[in-house]
Amino acid sequence: MEDFYFNVATKIHFGKGKVKVLPSEIEGNHIFFMYGARSAKMNGVYDDVMEQCRANNIEVTEFTGVEPNPRHTTVTRGVDLLRQSGADTIVAAGGGSIIDCAKAIAMGFYLAGDAWELYEGKDEAERAVPIISIPTVAASGSEVSNVSVISNMDLKKKLHYRHDVQRPKAAIIDPAYTFSLPKFQTSCGIVDIMCHSFEGYFSHSVGSLQDGLAESVNRTCVQHGRKVMTCPDDYDSRAQLMASSALSITHLSDCGRSFVGNIHSLEHVLSAHYDIAHGAGIAIVSLAWFKFALSDKTANRFARWGREVWDIRSVRDDYTVAVMAIEAYESFIRELELPARISELKGEIPREALAGMAHEFYPVSNSAMWFKPVRSESELLSLLELAY
C-alpha cells in the first residue's frame, strides 16, 4: 500500500429537515445565498433557508445565474457582489456547478487578481470565505470536496483547482431536496458518482479494502439508480445516492493507491468546447475509454468489476467477462436514458472537431500512469473516435 494523505474537514448534517442547523453554522449574521433560481423554489430549499434566516435575524444577499459549467465571468460577478454585500458566509444550495462557483468566489474574494488565475496555476489561494453547502443533487460530491472546476469559454478551457481552503466548513444533506430533480440530471449524477470511483479502481494499483469500497459505491449506484428512475421520491434510494456521492468524492477508496483522473480530464476537454452536461460527457467518455483500455493485460481488472458489480458469475474467462461488463455498463447508461456516443448529443458536434481536441489535450496529458497509456496524438484521436 502506498502512503497517503486524507482530510475531510467538512461537518456533515445528513437527514430530513437538517436545514434547521444552518443558523448554528453561519459565521456572522449576513449570508451570501447562491442557488438555482428555478430549482430552489421547486425543491423547497429556498423557502427553508429564508425561513431560518428570518427566524434568526440573518441578513441575506442573493446570487443566481450560475451556468451548468460555471463561467469565470460569473465568478468575477459573484466576487464583486460579495465584496459589496459585506456577507460573512456563503451558503450554496444546488448541484456541483453552484457549489464549485461558490468555492471560486470564496477564494477570489481575497485575491488581488482574477480568480481564473488559480485555475491556470498563476496564483495560489491562502484563504476563503466560509462556505456552507446544501446539495440538491447526488453527483459531484462538491459539497465535501476540496476541488472546484471552472470554465473559460473564451479560451475553450475547463480547469480544476485543488486546495483545502475551499472545502466547505459544513454540508447540510437532505435527500428530500432531490425528489424534484429531473430524470436527466439524476442520471447524470449517478454516472458521475460511479466515475469518481473508476478513476482509482481502473489502475495498476489495487488493494482489497480499496477495491471493496469502490465496488460498493458502484453497486449502490446501479441498485438505487434504477429505483429512483421509477420512484423519484423514494427517500432511502435518494439517501443512498447522496451518501455515495459524498463518499466517492473523498476518494477514500483510493487512499493507499494511485489516482489518475484521466476520465474526468478527457470529459473536461469535451464540455469546455461544447458546453454539454458533465454527467452526459462522463457517460460517453468513460464508455469509450473502457473499450480503448481493454486488452489481454487489463482484462482481469475489468473482469473483477464485471463479477463484483454486474454479477457476471457464469463465465470463467476473464476477457469474456470484461467484454460483458462493458456491455452491461453501456446498457445501464441506456437504461438511464443518457447518451452513449458524442453523435447522440443534442446539437451537432462534427467528427472533424475531434482532431483539434486531441491536438489540444495530448501535449498536456500525462498518460504514463493511465491503466492503458495513450502513446501518441493519433492514438488519443482513436480513443475520441470510439466515443463518437
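Refer to the preceding data block for the structure.
Just so you know, these numbers come straight off a predicted model, no measurement behind them.

Chemist: When you look at the nonpolar core in this model, what are you seeing that I'm missing?
Modeler: For soluble globular proteins, nonpolar side chains are generally found buried alongside one another. One finds Trp289, Phe290, Phe302, Trp305, Trp310 and Tyr329 to be the most contacted residues of the largest nonpolar core, which totals 73 residues. Among the elements that make up this core, the one with the highest residue count is helix H11 (residues 278-293) (eleven residues). Every residue in contact with tryptophan 310, bar those within four places of it in the chain, is listed here: Met194, Val222, Arg226, Trp305, Ala325, Ala328, Tyr329 and Phe332. One finds Ala106, Met107, Leu111 and Trp116 within the second-largest nonpolar core, a separate group that totals 29 residues.

Chemist: So what exactly am I meant to see when it comes to the layout of surface pockets here?
Modeler: To find leftover empty space, a probe the size of one water molecule is rolled over the atoms. Of the volumes computed, that of the second largest pocket is approximately 230 Å³. What lines the second largest pocket is Phe184, Tyr274, Ile276, Ala277, Ala280, Pro339, Glu344, Leu345, Lys346 and Ile349. Residues belonging to the lining of the second largest pocket are distributed by class as follows: eight nonpolar, no polar and two charged.

Chemist: Please clarify how helix H13 (residues 318-335) should be interpreted in this entry.
Modeler: A turn of α-helix holds 3.6 residues, and therefore any two residues three or four places apart point the same way. Spanning 18 residues, H13 covers 25 Å between terminal C-alpha atoms, matching the ideal 26 Å at 1.5 Å per step. If you check which residues of H13 are buried, you get Val321, Ala322, Ala325, Ile326, Tyr329, Glu330, Phe332 and Ile333.

Chemist: Explanation requested: the sheet that holds strand E1 (residues 11-14) in the structure shown.
Modeler: Consider a sheet: its strands pair through backbone hydrogen bonds, and that pairing is either parallel or antiparallel. Read across the sheet, six strands follow the order E1-E8-E5-E4-E2-E3 without closing on themselves; strand pairing throughout is parallel. In the strand order of this sheet, the two ends are held by E1 and strand E3 (59-63), each with one partner. Across this sheet, the average inter-strand angle for adjacent strands is 20°, counted without regard to direction. Across four bridges, the pairing between E1 and strand E8 (residues 170-173) is parallel. In the sheet register, isoleucine 12 faces E8, and the bridge partner there is alanine 171. The sheet contacts of helix H4 (residues 72-85) involve strand E2 (30-35), E3 and strand E4 (89-94), and relative to E3 the element is tilted by about 160°. Across the sheet, helix H5 (residues 96-108) is in contact with E2, E3, E4 and strand E5 (131-135); its angle to E4 comes to roughly 165°.

Chemist: What should I look at first to understand the state of the cysteines in this one?
Modeler: The term disulfide refers to a covalent linkage connecting the sulfur atoms of a pair of cysteines. In the structure shown here, the tally under the stated rule is zero disulfides. Its sulfur unpaired, cysteine 195 is 11 Å from the next cysteine sulfur, which belongs to cysteine 221. Residue class for cysteine 195 comes out buried when judged on its relative accessible area of 0%. Summary of cysteine pairing: cysteine 231 is not part of a disulfide, and the nearest cysteine sulfur, belonging to cysteine 221, is at 17 Å. Residue classification places cysteine 231 among the partly exposed positions, given a relative accessible area of 29%.

Chemist: Which parts of the structure should I look at to understand empty space enclosed by the protein?
Modeler: One pass over the structure, following the stated rule, counts three cavities of 30 Å³ or more. The space that makes up the largest cavity amounts to roughly 70 Å³. In terms of lining residues, the largest cavity is bounded by Val137, Ala138, Thr178, Leu181, Gln185, Thr186, Ile190, Arg238, Leu241 and Met242. When the residues that make up the lining of the largest cavity are grouped by side-chain class, the tally is six nonpolar, three polar and one charged. Space inside the second largest cavity adds up to approximately 40 Å³. If you go around the second largest cavity, the residues you meet are Leu213, Val217, Leu247, Ser248, His251, Leu252 and Ser253. When residues of the lining of the second largest cavity are traced back to their parent elements, those giving at least two are helix H8 (208-230) and helix H9 (235-250). Here the lining of the second largest cavity is built from residues that sort into four nonpolar, three polar and no charged.

Chemist: Any chance you could explain the side chain of histidine 13 here in plain terms?
Modeler: Secondary-structure assignment places histidine 13 in strand E1. Within the local environment of histidine 13, its side chain forms a polar contact with the side chain of glutamate 25, the two groups lying 2.8 Å apart. For histidine 13, the residues in contact, after removing those within four places along its chain, are Lys18, Val21, Glu25, Ala170, Ala171, Ile172 and Ile173.

The rules behind these values
Residues numbered from 1 in each chain as written. Predicted model: local features only at pLDDT ≥ 70, side-chain atom pairs only at ≥ 80, totals over all residues. Heavy atoms only, no water. Core = buried A, V, L, I, M, F, W, Y, C linked by side-chain atoms within 4.5 Å. Buried < 20%, exposed > 50% of the residue type's maximum accessible area, 1.4 Å probe, protein only. Helix = DSSP H or I, 4+ residues; strand = E, 2+ residues; numbered from the N terminus. Contact = heavy atoms within 4.5 Å. 1 Å grid on protein atoms, 1.4 Å probe; cavity = no way out; pocket = protein on both sides within 12 Å on 5 of 7 lines; lining within 4 Å. Points joined across faces, edges and corners; volume = space filled by probe spheres on them. Nonpolar A, V, L, I, M, F, W, Y, C, P; charged D, E, K, R; others polar. Expected span 1.5 Å × (residues − 1). Pairing = 2+ DSSP bridges. Axes fitted to C-alpha atoms, helices over the stretch in contact; angles between N-to-C directions. Disulfide = S-S within 2.5 Å. Polar contact = N/O pair within 3.5 Å; in protein donor to acceptor, adjacent residues only side chain to side chain.

So yeah, pure geometry; function would need other evidence.
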